[in-house]
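Structure assessment
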Amino acid sequence: MGLKHTDMIHLMHCHTVSDLRVLQWNVHGFAAWKQEQTSVMRMLLSYDIVALTETHLQGDAMLRAIMPQGSQLHTLDGAGRKGGVALWISAKMADKVELLGKSQLPRGSQSIWVRFRGNALALGGKSIVIGACYAAPASSKRYARARVQAGVTRTAGDRVFGKLRALINRFCTANDELLLMGDMNARVANLQEVLGAEADGEIAAHTGTNASSLLAAIPERKSMDQKQGHAHGQLLVNLCREL
């Protein structure tokens, strides 16, 4: 059976940033899709940039085997059946992108960072920095125990999002927009990163479209996230508010 978008919609989030088509896919082990290589390649050709999380891969041979010619691939290995991040850029956009860096700190988190140059997109001359990120659940044994520094206890979440904040400050300039993609294992429940009216204004400014018409097409989440957030979720919301 061929791979169908409707079969995988629960795994993906698709965004269009100006004229850039972007796909985020938490694959939960890329080897499981080995028999669907033709369908996966066809899907990739529909996007300019694809971020894969939880690839569970050692090395990039399996991914390179299905990558269209001329495209760009950056990876971080998984550890057993955990983690692993890949960032793929289409051939038509590959010469417009620069790799900024990769991070695997703190242990349990991974991220890959690239910049699309200002002349590549219709963003008023601005560039866009994209971070493809993964963070293990807050309860994961991959994280070290909470640390006490200067009398303050720093949890795994504090270290993960503190590092993420530092990477954003390192790679982003005043001339950059920012797009974070990935799986942060952060349930935000009903927490809002910005006030409703402010969010509507941001969406309208970037898309030229009334926010309500865009949001109406997004199905309501039917999961435990709806009412129950957790520590990573609050930290992610706090980071969004700062940005």
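Residues numbered from 1 in each chain as written. Predicted model: local features only at pLDDT ≥ 70, side-chain atom pairs only at ≥ 80, totals over all residues. Heavy atoms only, no water.

What follows covers the overall build of the protein. Along the protein, the regular secondary structure elements total seven helices and eleven strands. Put simply, the protein has 243 residues, and 43% of those count as buried. If you take every contact in the protein between residues at least 6 apart in sequence, the share linking residues at least 24 apart comes to 64%. Total accessible area computed for the protein in this model is approximately 13300 Å², and 52% of it derives from carbon and sulfur atoms. (Helix = DSSP H or I, 4+ residues; strand = E, 2+ residues; numbered from the N terminus. Buried < 20%, exposed > 50% of the residue type's maximum accessible area, 1.4 Å probe, protein only. Contact = heavy atoms within 4.5 Å. Areas by Shrake-Rupley, 256 points an atom, 1.4 Å probe, with all protein chains shown as cover.)

The next subject is the nonpolar core. Counting residues in hydrophobic clusters, the biggest one holds 41 residues, and the most contacted among them are I49, W113, F116 and I130. Excluding anything up to four places from it in sequence, I49 contacts L20, R21, V22, L23, L87, W88, I89, V114, F116 and I130. V27, F30, V40 and L57 belong to the second-largest nonpolar core, a separate cluster that totals 18 residues. (Core = buried A, V, L, I, M, F, W, Y, C linked by side-chain atoms within 4.5 Å.)

When pLDDT is averaged along the protein, the result is 80; 72% of the residues meet or exceed 70. The spread of mean pLDDT over the elements of the protein runs between helix α1 (residues 5-8), the lowest at 36, and strand β6 (residues 97-103), the highest at 97. Segment residues 1-16: pLDDT under 50, and 34 contacts once partners within four positions in sequence are set aside and those in other chains are kept. (pLDDT = per-residue confidence, 0-100.)

Time to look at the pattern of salt bridges. For side chains of opposite charge, pairing can occur when their charged atoms come near one another. Counting across every chain of the model gives six salt bridges. Ionic pairing is found between D95 and K96, a salt bridge with its closest N-O pair at 3.5 Å. Given a relative accessible area of 57%, D95 falls into the exposed group. Given a relative accessible area of 27%, K96 falls into the partly exposed group. One salt-bridge network, held together by shared partners, links E98, R115 and D176. (Salt bridge = Lys/Arg side-chain N within 4 Å of Asp/Glu carboxyl O.)

Quick look at the packing of aromatic side chains now. With the rule as written, the count across this model stands at two aromatic pairs. Each ring, one from W25 and one from W33, has its centre 5.1 Å from the other, and the planes form 70 degrees; the classification is edge-to-face. Here the two residues W25 and W33 agree in accessibility, since each one is buried. Consider the rings of W113 and F171, whose centres lie 5.7 Å apart with planes at 40 degrees: the pair is tilted. Taken together, the residues span a long stretch of sequence, with W113 in strand β7 (residues 109-116) and F171 in helix α4 (residues 156-171) at a distance of 58 residues. Here W113 and F171 have matching classes, each one buried. (Phe/Tyr/Trp six-rings, centres within 6.5 Å; stacked < 30°, edge-to-face > 60°.)

This part is about unusual backbone geometry. Across the junction of L105 and P106, the peptide omega takes the value -10 degrees, indicating a cis bond. Secondary-structure assignment places P106 in the loop between β6 and β7. In the Ramachandran plot, H28 falls in the positive-phi region, its phi being about 55 degrees despite a non-glycine side chain. Given a relative accessible area of 48%, H28 falls into the partly exposed group. Even without being glycine, N185 reaches a positive phi, approximately 45 degrees.

Moving on, we come to helix α7 (residues 231-242). Compared with an ideal rise of 1.5 Å per residue, which puts twelve residues at 16 Å, α7 spans 17 Å between its outermost C-alpha atoms and is within 8% of the ideal. Taken as a whole, α7 has its buried residues at H232, G233, L235, L236, V237 and L239. Against the buried residues of α7 lie α4 and β11 (176-183). (Expected span 1.5 Å × (residues − 1).)

A separate point is helix α2 (residues 37-44). Residues of α2 that are buried: S39, V40, M43 and L44. Each buried residue of α2 lies within a common arc of 140 degrees when the element is viewed along its axis, so the set occupies one face. (Arc of directions from axis to C-beta.)

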